[in-house]
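# Structure assessment
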Amino acid sequence: MKTQFTSVILTCLLLTYALPLQADNWFTSENGWRGWLSALHDDDSSSHDKGKPHDDDDDSSHDKGKHHDEQIKMVTNKTYLEECSSCHFAYQPGLLPVRSWQKLMATLDDHFGDNAELEIDVQQALTTYLAKNAADLSADKFSKKLVRRLSEDKTPLRINKLPYFVHEHDDLSNKMVSDNPEVKSLSYCDKCHTRAGQGDYSEKNISIPGYGRWEY
């Protein structure tokens, strides 16, 4: 019993003298306090990243300073290009859901105030092409984003009525768009998206007429 007590006393004395000498090294070394904190931080970060989406799936978490690579399938139908691009930008099928394209093609006699009727066979062929490649059937991430927030009871006939579209353009002023004679409306995608015709809507390729490259 006496021997055990003596051993405890000696151990305490050694720690009393040794700890001050090793304190600096322990607090600053990779194997000491700093290393322990670093490991704890790494563990926390890795577990956090596992549950964090890497894509811009949630509009509320959209980072305005982050580059978003927005790609969509190009228009490949020559008839569609010939019939539609003569009056306006040939919008890619993946920009609207099936129901929107079907309604648009069924009301060509009053196409936003104009008569854009086509031969029945041409109209049917284009309706099939647009519906087959529509946003809600597309594998493109950008198309999926466009319709993700769209209610099933809504059938927008304009791309700029999509919730995602509205969110992405909410920081543009009237001077940049409606009051800008070179743009006029958000409907004219190719006015600012310099590679819209190639299906590239990424922010790095945005240049607003009169204002220059978009700083994101």
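Everything quoted here is computed from the prediction, not taken from an experiment.

## Comments concerning the overall build of the protein
- When you go through the protein residue by residue, the secondary structure sums to 7 helices and 2 strands.
- When the helices and strands of the protein are read in sequence order from the N terminus, they spell out α-α-α-α-α-α-α-β-β.
- Within the protein, contacts between residues at least 6 apart in sequence are counted, and of these 59% link residues at least 24 apart.
- Of the roughly 14500 Å² of accessible surface on the protein, a fraction of 54% belongs to carbon and sulfur atoms.

## Looking at the packing of aromatic side chains
- All told, the structure shown has 4 aromatic pairs when counted by the stated rule.
- On the basis of an interplanar angle of 50 degrees and a centroid distance of 5.9 Å, the ring pair of Y80 and Y129 is categorised as tilted. Of the two residues, Y80 sits in helix α3 (residues 78-84) while Y129 sits in helix α5 (residues 120-132), which places them 49 residues apart along the sequence. Here the two residues Y80 and Y129 agree in accessibility, since each one is buried.

## Topic: the pattern of salt bridges
- Per the counting criterion, the structure on display carries 2 salt bridges.
- Across the pair K145 and E70 runs a salt bridge, and its minimum N-O distance is 3.6 Å. Separated by 75 residues along the polypeptide, K145 in helix α6 (residues 141-148) and E70 in the loop between α2 (33-50) and α3 bring together distant segments of the chain.
- K145 sits in the buried class, given a relative accessible area of 5%.

## Focus: unusual backbone geometry
- Non-glycine residue F112 carries a positive phi angle of around 55 degrees.
- Structurally, the position occupied by F112 is in the loop between α4 (98-106) and α5.
- Residue F112 is classed as partly exposed on the basis of its relative accessible area, which comes to 41%.
- A positive phi angle is found at K184, which is not glycine, with a value near 75 degrees.
- Mapped onto the fold, K184 is located in the loop between α7 (163-168) and β1 (207-208).

## Overview of the nonpolar core
- Y80, Y91, L95, W101 and Y201 are the most contacted members of the largest nonpolar core, which has 29 residues in total.
- At the level of secondary structure, the elements contributing two or more residues to this core comprise α3, α4, α5, α6 and α7.
- Core analysis: the second largest hydrophobic core is formed by 7 residues, M176, V177, C192 and W214 among them.

## Topic: α4
- Among all positions of α4, only V98, S100, W101, L104 and M105 are buried. Projected down its long axis, α4 shows its buried positions confined to an angular sector of 165 degrees, all on one face.
- Packed against the buried residues of α4 are α3 and α5.

## Things to note about a negative patch on the surface
- On the surface, D109, D110, D114 and E117 cluster together into a negatively charged patch.
- The residue E117 is located in the loop between α4 and α5 in this model.
- In this structure E117 comes out as exposed when scored by relative accessible area, which is 53%.

## What about the packing of α4 against α5?
- Across the interface, α4 lies against α5 with an axial gap of 9 Å and an inter-helix angle of 165 degrees. Relative to α5, α4 is oriented roughly antiparallel. Between α4 and α5 lies a crossing of right-handed hand. For the pair α4 and α5, contact is made by V98, W101, Q102, M105 and A106 and by Q123, L126, T127, L130 and A131, respectively.
- Tallied by class, the residues present in the contact of α4 with α5 amount to 7 nonpolar, 3 polar and no charged.

Conventions and cut-offs
Residues numbered from 1 in each chain as written. Predicted model: local features only at pLDDT ≥ 70, side-chain atom pairs only at ≥ 80, totals over all residues. Heavy atoms only, no water. Helix = DSSP H or I, 4+ residues; strand = E, 2+ residues; numbered from the N terminus. Contact = heavy atoms within 4.5 Å. Areas by Shrake-Rupley, 256 points an atom, 1.4 Å probe, with all protein chains shown as cover. Phe/Tyr/Trp six-rings, centres within 6.5 Å; stacked < 30°, edge-to-face > 60°. Buried < 20%, exposed > 50% of the residue type's maximum accessible area, 1.4 Å probe, protein only. Salt bridge = Lys/Arg side-chain N within 4 Å of Asp/Glu carboxyl O. Core = buried A, V, L, I, M, F, W, Y, C linked by side-chain atoms within 4.5 Å. Arc of directions from axis to C-beta. Patch = residues over 30% accessible without salt bridge, like charges linked within 9 Å, V, L, I, M, F, W, Y side chains within 5 Å. Lys, Arg positive; Asp, Glu negative; His and termini not counted. Charge placed at Lys NZ, Arg CZ, Asp CG, Glu CD. Axes fitted to C-alpha atoms, helices over the stretch in contact; angles between N-to-C directions. Parallel < 35°, antiparallel > 145°, perpendicular 65-115°, else oblique. Left-handed = near helix turned anticlockwise from the far one by under 90°. Nonpolar A, V, L, I, M, F, W, Y, C, P; charged D, E, K, R; others polar.

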